[in-house]
There are 4 protein chains.
Amino acid sequence: MDNQDALKHHCGVVGIFSEGEANIPEKLFYSLFSLQHRGQESAGIAYNKQGRIVAYKDLGMVSEVLARYLNGSRPSTVGIGHVRYSTQGGNRIENAQPICVACNKGRIALAHNGNISNSESLREELSREGSIFQATTDTELILHLLARSQAAGFTGALKETLSRLQGAYSLVMIHNQNLLAIRDPHGFRPLYLGRRGSLTVIASETCALEIQNITDYRMIKPGEMVVVGKQGIKSEILFDGEPRLGQCIFELIYFARPDSLVFDESVYLARKRMGAALARGDRDLLSGRDSGGCIVVPVPTSGNAAAIGYAQESGLSFEQGLTRNHYVGRSFIMPTTTQRELAVRMKLHPVKEIIRGREIFLVDDSLVRGTTSKILVSLLKESGAKAVHLRLSSPEIKWPCYFGIDIPTRSELISNSLSPDEIAATTGAATVRFIPLESLKACVSLPQAYCTGCFNGDYPSPPPPNGTHNSGCD
Amino acid sequence: MDNQDALKHHCGVVGIFSEGEANIPEKLFYSLFSLQHRGQESAGIAYNKQGRIVAYKDLGMVSEVLARYLNGSRPSTVGIGHVRYSTQGGNRIENAQPICVACNKGRIALAHNGNISNSESLREELSREGSIFQATTDTELILHLLARSQAAGFTGALKETLSRLQGAYSLVMIHNQNLLAIRDPHGFRPLYLGRRGSLTVIASETCALEIQNITDYRMIKPGEMVVVGKQGIKSEILFDGEPRLGQCIFELIYFARPDSLVFDESVYLARKRMGAALARGDRDLLSGRDSGGCIVVPVPTSGNAAAIGYAQESGLSFEQGLTRNHYVGRSFIMPTTTQRELAVRMKLHPVKEIIRGREIFLVDDSLVRGTTSKILVSLLKESGAKAVHLRLSSPEIKWPCYFGIDIPTRSELISNSLSPDEIAATTGAATVRFIPLESLKACVSLPQAYCTGCFNGDYPSPPPPNGTHNSGCD
Amino acid sequence: MDNQDALKHHCGVVGIFSEGEANIPEKLFYSLFSLQHRGQESAGIAYNKQGRIVAYKDLGMVSEVLARYLNGSRPSTVGIGHVRYSTQGGNRIENAQPICVACNKGRIALAHNGNISNSESLREELSREGSIFQATTDTELILHLLARSQAAGFTGALKETLSRLQGAYSLVMIHNQNLLAIRDPHGFRPLYLGRRGSLTVIASETCALEIQNITDYRMIKPGEMVVVGKQGIKSEILFDGEPRLGQCIFELIYFARPDSLVFDESVYLARKRMGAALARGDRDLLSGRDSGGCIVVPVPTSGNAAAIGYAQESGLSFEQGLTRNHYVGRSFIMPTTTQRELAVRMKLHPVKEIIRGREIFLVDDSLVRGTTSKILVSLLKESGAKAVHLRLSSPEIKWPCYFGIDIPTRSELISNSLSPDEIAATTGAATVRFIPLESLKACVSLPQAYCTGCFNGDYPSPPPPNGTHNSGCD
Amino acid sequence: MDNQDALKHHCGVVGIFSEGEANIPEKLFYSLFSLQHRGQESAGIAYNKQGRIVAYKDLGMVSEVLARYLNGSRPSTVGIGHVRYSTQGGNRIENAQPICVACNKGRIALAHNGNISNSESLREELSREGSIFQATTDTELILHLLARSQAAGFTGALKETLSRLQGAYSLVMIHNQNLLAIRDPHGFRPLYLGRRGSLTVIASETCALEIQNITDYRMIKPGEMVVVGKQGIKSEILFDGEPRLGQCIFELIYFARPDSLVFDESVYLARKRMGAALARGDRDLLSGRDSGGCIVVPVPTSGNAAAIGYAQESGLSFEQGLTRNHYVGRSFIMPTTTQRELAVRMKLHPVKEIIRGREIFLVDDSLVRGTTSKILVSLLKESGAKAVHLRLSSPEIKWPCYFGIDIPTRSELISNSLSPDEIAATTGAATVRFIPLESLKACVSLPQAYCTGCFNGDYPSPPPPNGTHNSGCD
């Protein structure tokens, strides 16, 4: 369920290059708007204007912060944009992106999606050498490294910089009127490149290319750098060897938009497969049950596709038994925590007439703290549900993420303290079942290419020495 | 499809009475928030405060206009609220409601959902007699009539006033610290009454009662007046004879929230039945077709329930083949009409991987001008759909509405110039089918209790003499 | 002193007519901006646009509410505007002006400066006859009377309406594409008419004509109606007999801008004469005093001109011993009343170096409750003043105003409970002296043409029967 | 005249330390509000909160940006604040101050008033060594130097840093929960230190101490560093030798508030002396003139004190012949430059009745481009002035400033192209006279302690090698 009890969204990035002049800021607006689900805390763009880079960013939604760019034309040839996720505290304008700096490599604008896992030690090292930090973003850190690099040439400095970084980064950058895009060698975060005519667009998800009428696109490969400039598009793999891949499977489970491709997978179809896998796991329970008395209900909107997959596999009816009020958004904030239940009910409300007397297979994407699920089970039972079976299209979340997801501390994760049966007892659900990790892996084409560290603690890149994780992402 | 090409939403009303003092404004906020889908142009409340009536209203959404009422307590015993629908022009603060007046009947606050069909002649008459009109709402008109009535007693004046009105009105009113609610004798617009402990809530839809934890409610009957005061609840049927009923069937097709009851029907189940009826009408076409190659896709979110009904009846798979971007809202306005297609694509985007190679049964609620449908069919075909069959859960709209829906002029209605086959040819759909009126009627318990004037020109209350219709609603 | 302890400002009105089309809304902006000192609560305009009257008004300052009218051209031929004064409570959008209505006399927009003293009985009568009141302004009342009048012709109805009104009114009106302006027969509030080329402007003060480059103007006479239309300008005296004149002398003392003419008097020169009269009254005290040790300090900015007059007459040095912080405005509101002293000090601060060791003749316009004066005397003494002599350019205020000034209740007026000597004792001033009423009268050309009711209770028009006064003005 | 034709205001700084916890942010608000005249572009504060430094800053006025700090208590012991001047372009949030960084010296918040004249070469050097620049302020530059310093101890690093800086800087800083304040060895910008009980306040002008009820204060000396901490207040002169003093005489002429002390001079009295000096320079002209026909009129409000001084010295009458409309502020921006005259007239308007038939001695602080003066002379003559004598309380401005004033390029300065007589001919003034530099110097106690570079090109600190000047200030 996409709310404050959920995992925090990632950031999203976009880069646009046009061979001739085009209204780059307006195009950035549309692509960022398509990536709004990846971050609602802040939005920003940077673009070249007569040889200079100008930037504008602020706390707020794309449609608020960047509305000015829908008026009038701003001829430009290259630009980048960023949306940053929403947290409850710590919304600092200093952390909004892109970050633009002047340095000995020239003027650079940079936007980042990911999380540098060795940022703490790098920060200490840089600090020791006299760097100053105005923000807490890894983006600033990367720029410091780049400026300090003595390697020959800009690409040399870039390579040296990246060789220092561990963790997750999908970067877009303006330098010397070129657009650069880089994906870390593990490929934690998605990044796509597409073209239409003289226009090149790079973005976290394909939905941000589609909005530009771009249907001809490809994934930027883990470890790949793409440079888009007047001389065309150049690609280079920056890393030697074969680093272990670690694409974030939560992009497929929850973060990405269902009409996007990420990691060359259709998000919608992957979710349907997860739902089907959940249904297959319920064969014991479903056999011999009156299928007329059972319905599949998604927790909208993140559970929709999995619920459809579950229904199709199980043969049970799919019903939108919970209505989502789409007017609930950032502007509405409940005054007190005691009104948590009211807050949930303002957003999600049962359709009693379809719930009453039925067994409900309630499909959600994941359980974090479990507070919302408890309220939802209770709402459904008050509406007359005979029983509520809670089904999660992710395995139990037990470990921190060091690569860009803001997972609560281990002690707050319900699956570290309660077994599924205990969760059922606590929430009032008849049964609670998670998709097994192996079943989840079977839902994607290249299971070995994914990071599943939050489920089993097995990370493709070393976690920070002291085991703490950076609570933010860039 | 819920957009600018759609029928305009109605208004919504709410009234709350508490035996002891309660934070009435806050409660009004929550109920109005639940009715936000009925009107986004303006919001307002009025409530008693130490014997006086205070009011606050403005252009904007509930969460913006009324946010102040979430802070602090405002003890009161009675209040009413209103949301008004969104139009592109003519948003005048003067038309926001409730309207509060002082007159010889005391202080009155009134909010109205509906449309008085003889307002023009009443306005002329009142004007002749020296009334002044500051707004163009029927609400002001009703108050003029009430103030001018010489009938004995407030109820007498009210009866005399209502006897002059033709058309649709669901009213809530504060007078003399009582809460009054009245529904016109045809029952055009819905109105529900519920209680929990010392709290009485009246609202257009039951979702606005449920948010107050009220599950014990009943429909206010056509022609009924309810007075809620310190002496309890009194009910009276104000009209003699048996006026022809004319409940607006579009409330079920499109306007109301799926988790609401209106006219004692579950909106969700009624819509599912409409979808099923559409599927039955397609038996000719479906028999012998490869059901694996056909999918049912709703135009979200208004087509969802009908599409589920269609899928269940037909046995075809239900798929969310169009993703809705929920960040598209009032704040985002496209600068030019030539970007109409872009505007649609920013809001609704195909999930190509499920569309490709399939025949799509696209389920929407109604066709008004048909411009959006044309774009959607085109988007689906570009995404690889083999064919698109457009299915509408309302019959062809051919006539104006004089009772509260803002239907374009007859010449703008696509069904007045094109047959379904011609619409198919124009939009690129393989086939276009509307639910037949008789099938639609079979989806509700009391078919004879509904107005179907916009389909067949048969109105339960006389249309205005000159045939023009009031473009607004209250 | 112009602050919350002061008398409340009046409203201001403006009307503009152009023979050909002109950007009337923009012109209204500039004139209203010049009248901003007459009202900061709300601002609004109405103007004709292709035969219709459109209006826009809101709570707030001219530069906020009407900023939209500085962009683009809105061709029109006639318009009116209004600013309403600021009160601490009761800012209701419903009371903003102009008020535009449709009635049997056609469409009318009306704006009013003044106060109808028999409004209560008129309201009762109208209410009895079935009128409804949405606001508490006299403007609505006047429109009710006008609509109900059966007299022949619009002018006839207007005359009948005005014959019912007692009290103060300077009106501007749009009717039938004409601009009308009317001043009550006592002439309580100022109103000027000027022309330049094809442009006619009517406004409360000449500063609003000067900003239109109009230097050829005349006072509209008490009881005069001016109609400006395509046929030119027609003038008519609407009232028979010779009503007693009652021009508000506080316009000269405090309300009007120093660069304006009102009542054919220069505000600046009248204030200088008041200051000089105060100085003459101090001859006893000044003779034999060391003039080097005494300085004249105004309470800025309302006391400036009188202080200059005092200094010139007395031969003492004029010094700006109190600095006014011009960034103190509406946006800055102190959180608690205990910080009253801080609030005063943020706005007015002594120039210690000129105060220290001096006797200060502190010149202010009037004493209402006296709270601010007490703080100022204390601030000056802390800054080293040897003594503070408080001089007021108005006599003691002891009576209510029924004609447009918002004077506190009699018991709150310091001069009803304390003599000047007692005020001196309370505030810490060495002496406190008010200008004698006869001296004040000697400062204007036609003393008998003024109302001095707030000083001596002698009103040119009967006060309301029950003696209560309307706390607002229009 | 304080408008867009004037010299740009400086920035202002404030620092507050409390021995026990106090509501530091609220106190910063009040002091910054008192310094609002020194900068209207942006406002910001930083303060310690449980060991951390939190900051908030934005574009806008103190009352807008910092209003939040008037609600609730935020216990803290140390804080700093900054207001930045207003320019027409280049308002970048990145340049708002204070700047807070984490570095190897710990966490530091810094705010700066002044201009580093060798910033360009320092920036090049730092850039070469790998520093990145996110803003164009000198403040960021100073922090880079500080972080990179290898000198022993924080004070050592600070001294090394300052030894690299040329130009003007009055700094306030939070470090290690101490408040530091430093004034450059030339003393270009003012800085005062005061105490009351456990509270220490440091600010650009004494008005910001007075608002805290602090009357016991002293100037921080050129080259002095003050450290305020739990151990009390320590002072140290950081520079050897006796650097040439260069206090900015324009602080006295125009920038500072008249109720402030800067450089141990009363601003008000200094301005009066300048006016008196101008009057003495006019003896030739005044002798034999009819003093009744001549009046002294200030251009409000910056010319007020000098005009009073002129009037007292000459014996002519002081009159406020130009009324200033105090509602003209940031919110009102004229749409087109052709409306320049209208813009001036909206702000300043003649009192015709006092102007007519008189010779006007119009006293302003300085002439920059001369455009406004031309309009004012014309306005006065249209109002009937027999002649207008323009008097300036500064000498002719002919040279750039490298130390914190935003003076237009030399070619834009009217005094570089026109002699006083030519200016008279251009503006329509009868005569134009500037205060001679020697007379100006005679108005202050320590003439040799001032920089008069903008008048004669004689700078106390070397200008940048290429002679260009930084257009901004910090």
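Conventions and cut-offs
- Residues numbered from 1 in each chain as written.
- Chains lettered and ligands numbered in written order.
- Predicted model: local features only at pLDDT ≥ 70, side-chain atom pairs only at ≥ 80, totals over all residues.
- Heavy atoms only, no water.
- Helix = DSSP H or I, 4+ residues; strand = E, 2+ residues; numbered from the N terminus.
- Rg over C-alpha atoms; globule rule 2.2 N^0.38 Å.
- Buried < 20%, exposed > 50% of the residue type's maximum accessible area, 1.4 Å probe, protein only.
- Least-squares fit on C-alpha atoms with pLDDT ≥ 70 in both.
- Contact = heavy atoms within 4.5 Å.
- Domains from an automatic or database assignment.
- Salt bridge = Lys/Arg side-chain N within 4 Å of Asp/Glu carboxyl O.
- Axes fitted to C-alpha atoms, helices over the stretch in contact; angles between N-to-C directions.
- Parallel < 35°, antiparallel > 145°, perpendicular 65-115°, else oblique.
- Left-handed = near helix turned anticlockwise from the far one by under 90°.
- Nonpolar A, V, L, I, M, F, W, Y, C, P; charged D, E, K, R; others polar.
- Buried area = accessible area lost by both parts, 1.4 Å probe.
- Polar contact = N/O pair within 3.5 Å; in protein donor to acceptor, adjacent residues only side chain to side chain.
- Pairing = 2+ DSSP bridges.
- Phe/Tyr/Trp six-rings, centres within 6.5 Å; stacked < 30°, edge-to-face > 60°.
- Lys NZ or Arg CZ within 6 Å of the ring centre and 35° of its normal.

**A short note on the overall build of chain A**
And then number 1: On a plain count of helices and strands, chain A comes out with 16 helices and 24 strands.
And then number 2: Against the 2.2 N^0.38 benchmark of 23 Å for 474 residues, chain A shows a C-alpha radius of gyration of 23 Å, consistent with a compact globule.
And then number 3: Projected onto its principal axes, the C-alpha coordinates of chain A cover approximately 70 × 50 × 45 Å.
And then number 4: A buried classification covers 66% of the 474 residues belonging to chain A.

**With respect to the relation of the copies chain D and chain A**
And then number 1: When chain D is brought onto chain A, the operation consists of a screw motion whose angular component is 179° and whose axial shift is 0.0 Å, with 0.1 Å RMSD remaining. What the superposition gives is, in effect, a two-fold axis relating one chain to the other. The C-alpha atom lying nearest the rotation axis in chain D is that of D:S131; the distance is 3.5 Å.
And then number 2: The share of interface residues of chain D whose copies in chain A are also at the interface is 100%, consistent with both copies meeting through the same surface.

**Section: the domain arrangement of chain A**
All names here are of chain A.
And then number 1: What the domain assignment lists for chain A is domain 1 (8-261) and domain 2 (269-444).
And then number 2: Centre-to-centre, using C-alpha coordinates, domain 1 lies 34 Å away from domain 2.
And then number 3: Contacts between the two partners involve 25 residues from domain 1 and, on the opposite side, 17 residues from domain 2.
And then number 4: For the pair domain 1 and domain 2, the number of links is 0 salt bridges.

**Digging into the packing of helix α8 (residues 267-281) of chain C against helix α10 (residues 304-314) of chain C**
A pair of packed helices is captured by two measures, namely the crossing angle of their axes and the spacing between those axes.
Residues and elements named next belong to chain C.
And then number 1: Relative to each other, α8 and α10 sit at 45°, their axes nearing to 6 Å. Judged by the angle between their axes, α8 and α10 are oblique. For the pair α8 and α10, the sense of crossing is right-handed. The segment α8 lies against α10, with Y268, R271, K272, G275, A276, L278, A279 and R280 engaging A305, A306, I308, G309, Y310, Q312, E313 and S314.
And then number 2: Considered class by class, the residues forming the contact of α8 with α10 number 8 nonpolar, 4 polar and 4 charged.

**A closer look at the interface of chain D and chain A**
And then number 1: The partner chain A presents 21 residues to the 21 residues of chain D that form the contact.
And then number 2: Together, the buried faces of chain D and chain A total about 1700 Å²; carbon and sulfur atoms form 52% of this surface.
And then number 3: Between chain D and chain A we count 0 salt bridges in total.
And then number 4: Counting across the interface, chain D meets chain A through 8 residue pairs in polar contact (both at pLDDT 80 or more).
And then number 5: Mapped onto the side of chain D that touches chain A, the elements with two or more residues apiece are β5 (99-103), α3 (119-128) and α4 (138-148) of chain D.
And then number 6: Split into classes, the residues belonging to the side of chain D that touches chain A amount to 9 nonpolar, 6 polar and 6 charged.

**Points about the interface of chain B and chain A**
And then number 1: Across the boundary between the two partners, chain B contributes 52 residues, which contact 53 residues of chain A.
And then number 2: Together, the buried faces of chain B and chain A total about 4600 Å²; carbon and sulfur atoms form 57% of this surface.
And then number 3: Contact with chain A buries surface across chain B, with B:F33, B:Y327 and B:E353 losing the most and accounting together for 14% of the total.
And then number 4: The partner of A:E210 in a salt bridge is B:K352, and the shortest N-O contact between them spans 3.1 Å.
And then number 5: Mapped by element, the contributors of at least two residues to the side of chain B that touches chain A are α1 (24-34), α8 (267-281), α10 (304-314), β18 (317-318), α11 (340-347), β20 (348-350) and α12 (352-355) of chain B.
And then number 6: Ranked by the residues each element gives to the side of chain B that touches chain A, the list is headed by α1(B), at 5 residues.
And then number 7: Residue classes in the side of chain B that touches chain A are distributed as 23 nonpolar, 20 polar and 9 charged.

**A look at the pairing of strand β12 (residues 224-229) of chain A**
Residues and elements named next belong to chain A.
And then number 1: Summarising burial for β12: 5 of the 6 residues are buried, a large majority.
And then number 2: Pairing geometry for strand β8 (residues 178-183) and β12, over 4 bridges, is antiparallel. Within the sheet, the bridge partner assigned to I182 lies in β12 and is M225.
And then number 3: Both β12 and strand β13 (residues 232-237) contribute to a ladder of 6 bridges, which runs antiparallel. Counted as the bridge partner of V227 is K234 from β13.
And then number 4: Taken together, β12 and the strand that follows it, β13, pair antiparallel across an intervening segment of 2 residues.

**Points about the relation of the copies chain B and chain A**
And then number 1: When chain B is fitted to chain A, the best match, at an RMSD of 0.1 Å, comes from turning it 180° and sliding it 0.0 Å along the axis.
And then number 2: With an isologous cut-off of 70% or more, the 100% of interface residues of chain B that recur at the interface of chain A puts this contact in the isologous class.

**A few points about helix α10 (residues 304-314) of chain A**
Residue and element names in this part refer to chain A.
And then number 1: With 8 of 11 residues buried, α10 lies mostly within the body of the structure.
And then number 2: N304, A305, A306, A307, I308, G309, Y310 and A311 are the residues of α10 that are buried.
And then number 3: In the segment just after α10, G315 is the residue with positive phi, at about 85°.

**Topic: the packing of aromatic side chains**
The geometry of an aromatic ring pair comes down to the distance between the two centres and the angle between the two planes.
And then number 1: Per the stated rule, a full pass over the model turns up 58 aromatic pairs over all chains.
And then number 2: Geometrically, the ring pair formed by C:Y254 and C:F255 is tilted, given 5.2 Å between the ring centres and 50° between the ring planes. The same class applies to C:Y254 as to C:F255, namely buried.
And then number 3: Measuring from centroid to centroid gives 6.2 Å for C:Y402 and C:F403, while their planes differ by 85°, and the two rings are edge-to-face.
And then number 4: A relative accessible area of 6% means that C:Y402 is categorised as buried.
And then number 5: Put simply, the rings of A:F188, A:Y402, A:F403 and A:Y459 pair up and form one aromatic cluster.
And then number 6: The lysine or arginine in question, B:R84, covers the ring of B:Y85, its NZ or CZ lying 5.9 Å from the ring centre.

**A closer look at the environment of D:A67**
All names here are of chain D.
And then number 1: Along the chain, A67 falls in the loop between α2 (62-65) and β4 (75-84).
And then number 2: On a C-alpha basis, the gap between A67 and F29 in space is 8.0 Å, while along the polypeptide they are 38 residues apart.
And then number 3: Sequence-distant contacts of A67, defined by excluding residues within four places in its chain, comprise F29 and V62.

**Describing the sheet that holds strand β10 (residues 199-203) of chain B**
Residues and elements named next belong to chain B.
And then number 1: Here 7 strands make up an open sheet; going across it, the order is β3-β2-β4-β1-β10-β9-β11 and the pairing antiparallel. Strands at the two margins of the open sheet, each flanked by one partner only, are β3 (52-59) and β11 (217-219). Averaged over all pairs of adjacent strands, the angle between strand axes in this sheet comes to 15°, irrespective of strand direction.
And then number 2: Taken together, the 5 bridges between strand β1 (residues 12-23) and β10 define a ladder with antiparallel strand orientation. Note on β10: the bridge partner recorded for S18 is L199.

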